[in-house]
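# A closer look at the structure
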Amino acid sequence: MSKIAFGVVIPQGWRNDLPLLPAEEQFKYSRDIVIAAERYGFDSAYVYDHFIPHYRYPTKGNFFECFAVLSAVSSFTKKLKLGQIVTCNSYRNPALLAKMLSTLDVITRGRIELGIGAGWYEEEYNAYGYPYFSDVDRILQLEESIQIIKKLWTKEMANFRGKYYSITNAICFPKPIQKPHPTIMVGGSGEKYLLKVVAKHAARYNLYFGTPEEMSRKINILKDYNTQNRKIEYSIVLPCMIVREDEDLKKIIKKIKKGKMTVEQFKKSVAGGLTVGTIDDIINGISKYVNIGVSHFIFHFLTLDQSVLKKFSSVMKISRTFR
């Protein structure tokens, strides 16, 4: 099994996760979180690739753009891998995306990852003027994009002609520092088509806010599709909240206007809540994912400051001993 790795989601406005401050101070808060994540032993940091906040939250709040944030915070870190959960394939031409990532890999001295998916947020597509094709078409577009990106990263001159995208004698310099290229992580929940793309092209599969049962099902299907026995890492994005005891969690539930929920109802509402609770609760929750083969964890902290990251360092220390 791969070494267990831990990533943190950088606050950027996706789920009401920025303090009520001027935009420049909000960015400073996010930047300081990233610096603290490196100091306390996280392996990586990620941002969402969206243009407006999640539909369950006020859409007029500030929301920082994915690649601008990555470029900015990279200069304040030295070791953290930096990635996306996940880039929406529809929003950028794949050749442009290859160029952006290869440049970022040089800027970060080999620390960039490509997390990519087919896209799903139809309201966002419509608002920004992108055509919203069928699920199957978007997944087939994704598959072509990954092939183009790999060619541009590894070949001196790249050519590709597909149903959706084509490139002719395209060059991409500088090449990425990482060889043969940066990690490609494909995210999504589709089983009939998307997991086939993962099996053919990805180094890592990522599921968002999935329970162990949901993740286990995806892994088993993916293993069936992986007829070439490619090495694929399994990754999960999970909500996380650290408390000393359930009484503290009750206060937080009331504060975030979920006061009618019991503790158990609240936990169930956030991916089963296995990583919401005391430090021991969270360690036990992580172990359930490790037992089914997950080795890469990305945590979206529901309440976050630098002290939370410090507390979580003890969780990582123990969890990295799991096999």
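You'll find the structure just up there.
Residues numbered from 1 in each chain as written. Predicted model: local features only at pLDDT ≥ 70, side-chain atom pairs only at ≥ 80, totals over all residues. Heavy atoms only, no water.

Counting its secondary structure elements, the chain contains eleven helices and twelve strands. Relative to the 2.2 N^0.38 estimate, which gives 20 Å for 323 residues, the radius of gyration of the chain is 19 Å and therefore close to what a compact globule would have. Counting all 323 residues of the chain, 53% fall into the buried class. Of all intrachain contacts in the chain linking residues separated by at least 6 positions in sequence, the fraction that spans at least 24 positions is 71%. (Helix = DSSP H or I, 4+ residues; strand = E, 2+ residues; numbered from the N terminus. Rg over C-alpha atoms; globule rule 2.2 N^0.38 Å. Buried < 20%, exposed > 50% of the residue type's maximum accessible area, 1.4 Å probe, protein only. Contact = heavy atoms within 4.5 Å.)

What follows deals with the environment of Gly-272. Its place among the elements puts Gly-272 in the loop between α9 (263-269) and β11 (276-277). Along the sequence, Gly-272 and Gly-285 sit 13 residues apart, while their C-alpha atoms lie 9.6 Å from each other.

Summarising burial for helix α6 (residues 194-201): six of the eight residues are buried, a large majority. Among all positions in α6, only Leu-194, Leu-195, Val-197, Val-198, Ala-199 and His-201 are buried.

What follows concerns a nonpolar patch on the surface. A cluster of nonpolar side chains, namely Val-136, Leu-140 and Tyr-193, defines an oily patch on the protein surface of about 210 Å² accessible area. One can find Tyr-193 in the loop between β8 (184-187) and α6. For Tyr-193, a relative accessible area of 35% translates into the label partly exposed. (Patch = residues over 30% accessible without salt bridge, like charges linked within 9 Å, V, L, I, M, F, W, Y side chains within 5 Å. Areas by Shrake-Rupley, 256 points an atom, 1.4 Å probe, with all protein chains shown as cover. Salt bridge = Lys/Arg side-chain N within 4 Å of Asp/Glu carboxyl O.)

Attention now moves to the side chain of Asp-32. Along the polypeptide, Asp-32 turns up in helix α1 (residues 23-39). Among the polar contacts listed, one links the side chain of Asp-32 to the side chain of Arg-31, at a separation of 3.0 Å. (Polar contact = N/O pair within 3.5 Å; in protein donor to acceptor, adjacent residues only side chain to side chain.)

In total, this model carries zero disulfides according to the counting rule given. No disulfide involves Cys-66; its nearest neighbouring cysteine sulfur is the one of Cys-88, lying 11 Å away. (Disulfide = S-S within 2.5 Å.)

With that out of the way, let us pick up unusual backbone geometry. Cis geometry is found at the peptide bond from Phe-173 to Pro-174, where omega equals 5°. As for its placement among the helices and strands, Pro-174 is situated in the loop between β7 (166-170) and β8. A cis geometry characterises the amide bond from Lys-179 onward to Pro-180, with omega recorded as 0°. Here Pro-180 shows up in the loop between β7 and β8. The backbone of Asn-16 sits at a positive phi, close to 60°, despite the residue not being glycine. You can call Asn-16 exposed: its relative accessible area is 54%. Notably, Phe-209 is not glycine yet its phi reads approximately 50°, a positive angle. Structurally, Phe-209 is set in the loop between β9 (204-208) and α7 (212-225).

This part covers the nonpolar core. Core analysis: the largest hydrophobic core is formed by 76 residues, its most contacted members being Phe-42, Phe-297, Phe-301 and Phe-312. Membership of the second largest hydrophobic core comes to 14 residues, among which are Val-9, Tyr-48, Phe-63 and Ile-298. (Core = buried A, V, L, I, M, F, W, Y, C linked by side-chain atoms within 4.5 Å.)

On a regular strand, one side chain projects to one face of the sheet and the next to the other, so that they alternate. Counting buried residues along strand β1 (residues 5-9), five of its five residues qualify, which places the element largely inside the surrounding structure. Of the two faces of β1, the one holding Ala-5, Gly-7 and Val-9 and the one holding Phe-6 and Val-8 are both buried throughout. Pairing analysis gives three bridges linking β1 to strand β2 (residues 44-47), with the strands arranged parallel. Residue pairing for β2: Gly-7 is matched across the bridge by Ser-44. (Pairing = 2+ DSSP bridges.)

Another aspect to go through is the packing of α6 against α7. Two elements in contact, α6 and α7, have axes whose closest approach is 9 Å; the angle formed by their N-to-C orientations is 60°. In this view, α6 runs oblique relative to α7, as classed from their interaxial angle. Where α6 crosses over α7, the two elements pack in a sense that is right-handed. Here Leu-195, Lys-196, Val-198 and Ala-199 of α6 come into contact with α7, specifically with Lys-218, Ile-221, Leu-222 and Tyr-225. Among the residues forming the contact of α6 with α7, the class breakdown is six nonpolar, no polar and two charged. (Axes fitted to C-alpha atoms, helices over the stretch in contact; angles between N-to-C directions. Parallel < 35°, antiparallel > 145°, perpendicular 65-115°, else oblique. Left-handed = near helix turned anticlockwise from the far one by under 90°. Nonpolar A, V, L, I, M, F, W, Y, C, P; charged D, E, K, R; others polar.)

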